[in-house]
Amino acid sequence: MTILLVALAIVLIINTVLFLVAYSKQSDKLTDFAYALSFIIVVLATYALAPTKTSVLSLMTCLVVLWALRLGIFLVIRIWRTGHDARFDDMRHDFLKFLKFWLAQGIAAWVLLLPMMLVSTNTHTEVGLIASVGILVWLMGIALEATADFQKFRFNQTPKNKGKWISSGVWSWS
């Protein structure tokens, strides 16, 4: 139970502090950074607080950090190029609406990391068939996600596609 509360506190602190900076600057440039950072810090804290550093826990920690770095770097580059995120146009100036989004983002990261936190309490888990299948699914998933993100980004950078929805390539599957 301790790791769950520590992790929840971490995501709430990260997202509240960075929200206050973003709100004061009326900026969207920290939102996706905070999301990725929430995953990385919680996963590293989970690993550090685990009673036993099993192979599966070590592997999951590495995979989550790699995924969060990939997603975070992509999203931060995207927002710095575009300058703003249209999702926030209706809420950026409303303290409570913007705060609700940020807190929901932190809680979403916490919920998505629950399996990782549960694995951290299992002292008898080693890499086996199920973990090996999980690694293959992760590899396919991150490859598809990266390809879809790149295709959508490239699509949105083409002036003739302004305001259009991408319905081609890997993105259309998602």
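Whatever comes next refers back to the structure up there.
Residues numbered from 1 in each chain as written. Predicted model: local features only at pLDDT ≥ 70, side-chain atom pairs only at ≥ 80, totals over all residues. Heavy atoms only, no water.

## Digging into helix α1 (residues 2-25)
Thought 1: Here α1 is 24 residues long and its end C-alpha atoms lie 35 Å apart, about the 34 Å a rise of 1.5 Å per residue gives.
Thought 2: For α1, the complete set of buried residues consists of Ile-3, Ala-7, Ile-10, Val-11, Ile-14, Asn-15, Leu-18, Phe-19 and Ala-22.
Thought 3: Packed against the buried residues of α1 are α2 (31-49), α4 (95-112) and α5 (114-119).
Thought 4: Count one or two residues on from α1 and you reach Gln-26, which has phi positive near 50 degrees. (Helix = DSSP H or I, 4+ residues; strand = E, 2+ residues; numbered from the N terminus. Expected span 1.5 Å × (residues − 1). Buried < 20%, exposed > 50% of the residue type's maximum accessible area, 1.4 Å probe, protein only. Contact = heavy atoms within 4.5 Å.)

## Brief notes about the pattern of salt bridges
Thought 1: Taken as a whole, this structure holds seven salt bridges when the rule is applied.
Thought 2: Asp-85 is the partner of Arg-87 in a salt bridge, and the nearest nitrogen-oxygen pair spans 2.6 Å.
Thought 3: Residue classification places Arg-87 among the partly exposed positions, given a relative accessible area of 47%.
Thought 4: According to the relative accessible area criterion, Asp-85 is buried, its value standing at 10%.
Thought 5: A network of salt bridges, in which partner residues are shared, links Asp-32, Arg-78, Asp-85 and Arg-87. (Salt bridge = Lys/Arg side-chain N within 4 Å of Asp/Glu carboxyl O.)

As far as function goes, none of this settles anything; it's purely spatial.
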